[in-house]
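Here are the chains, one letter per residue:
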Amino acid sequence: SASSASSAAGAAMPATCKDFWADVPEAPKDPILGITEKFLADSNPQKLNFGVGAYRDDDGKPVVLDCVREAERRIAGKNFMEYLPIGGLKAFCDESVKLAYGEDAKCIKENRVAAVQTLSGTGSCRLMADFMHRFAPNAKCFMPTPTWSNHHNIFRDGGVEIQGLR
């Protein structure tokens with residue numbers, strides 16, 4: 001019957017999945033997310049969570065800042081909706097560099113800063129690891145403690161030596 005066939009298929013799938021993942025070790029707990037776990041376990045009603053960097057109200061609900069809502073309002077429906085150039089939106093990269101270094105920074109004036117837009121923090125780390133491995137194979141990544149646990153894997157898997165920084 002159809003139901004017994006699907007039951008048999010469903011029963012076989014977990015074993016197949018289990019076999020596929022059998023040699024993949026569980027990742028270690030993330031130290032930054034561990035701060036949130038400790039926060040959730042704490043019964044103190046006046047506790048504050050400084051772990052992940054998301055603003056929350058007194059009820060623990062996410063807060064979106066007024067300036068973020070205003071930025072959304074200003075750009076909604078106004079952006080180019082096609083693929084961006086491979087390096088990203090030039091204006092975004094230029095303004096990001098000014099924000100990071102300061103508008104009058106010597107390194108910007110001397111054209112010594114390069115920037116690309118990436119999908120995310122994790123994506124940018126992987127892109128940088130691949131770039132370093134290919135174009136600066138002896139370079140090291142100086143990684144702070146704590147950092148997101150996946151950062152270690154990204155640079156290690158990208159073939160970049162990691163050195164602690166504190």
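Heads up: the structure comes first, above all this text.
None of the values given here were measured: they were computed from a predicted structure. (Residues numbered from 1 in each chain as written. Predicted model: local features only at pLDDT ≥ 70, side-chain atom pairs only at ≥ 80, totals over all residues. Heavy atoms only, no water.)

Chemist: What is the right way to read the pairing of strand S2 (residues 161-165) from this model?
Modeler: If a strand is regular, its side chains alternate between the two faces of the sheet. Note that strand S1 (residues 140-144) and S2 share five bridges and pair parallel. Within the sheet, the bridge partner assigned to phenylalanine 142 lies in S2 and is glutamine 163. Viewed along the sheet, the connection from S1 through helix H7 (residues 149-157) into S2 turns out right-handed. (Pairing = 2+ DSSP bridges. Helix = DSSP H or I, 4+ residues; strand = E, 2+ residues; numbered from the N terminus. Right-handed = clockwise from strand over helix to strand, strands pointing away.)

Chemist: Just checking my understanding: could you explain the pattern of salt bridges for this structure?
Modeler: Opposite charge on two side chains lets them pair, provided their charged atoms get close. Under the definition given, this model contains eight salt bridges. Among the salt bridges present, the one from glutamate 72 reaches arginine 69, with a minimum N-O distance of 2.8 Å. Taken together, the positions of glutamate 72 and arginine 69, both in helix H3 (residues 66-75) and three residues apart, correspond to about one turn of that helix. With relative accessibility at 45%, the residue arginine 69 sits in the partly exposed group. Its salt-bridge partner being glutamate 110, residue lysine 106 comes within 3.9 Å of it at the nearest N-O pair. (Salt bridge = Lys/Arg side-chain N within 4 Å of Asp/Glu carboxyl O. Buried < 20%, exposed > 50% of the residue type's maximum accessible area, 1.4 Å probe, protein only.)

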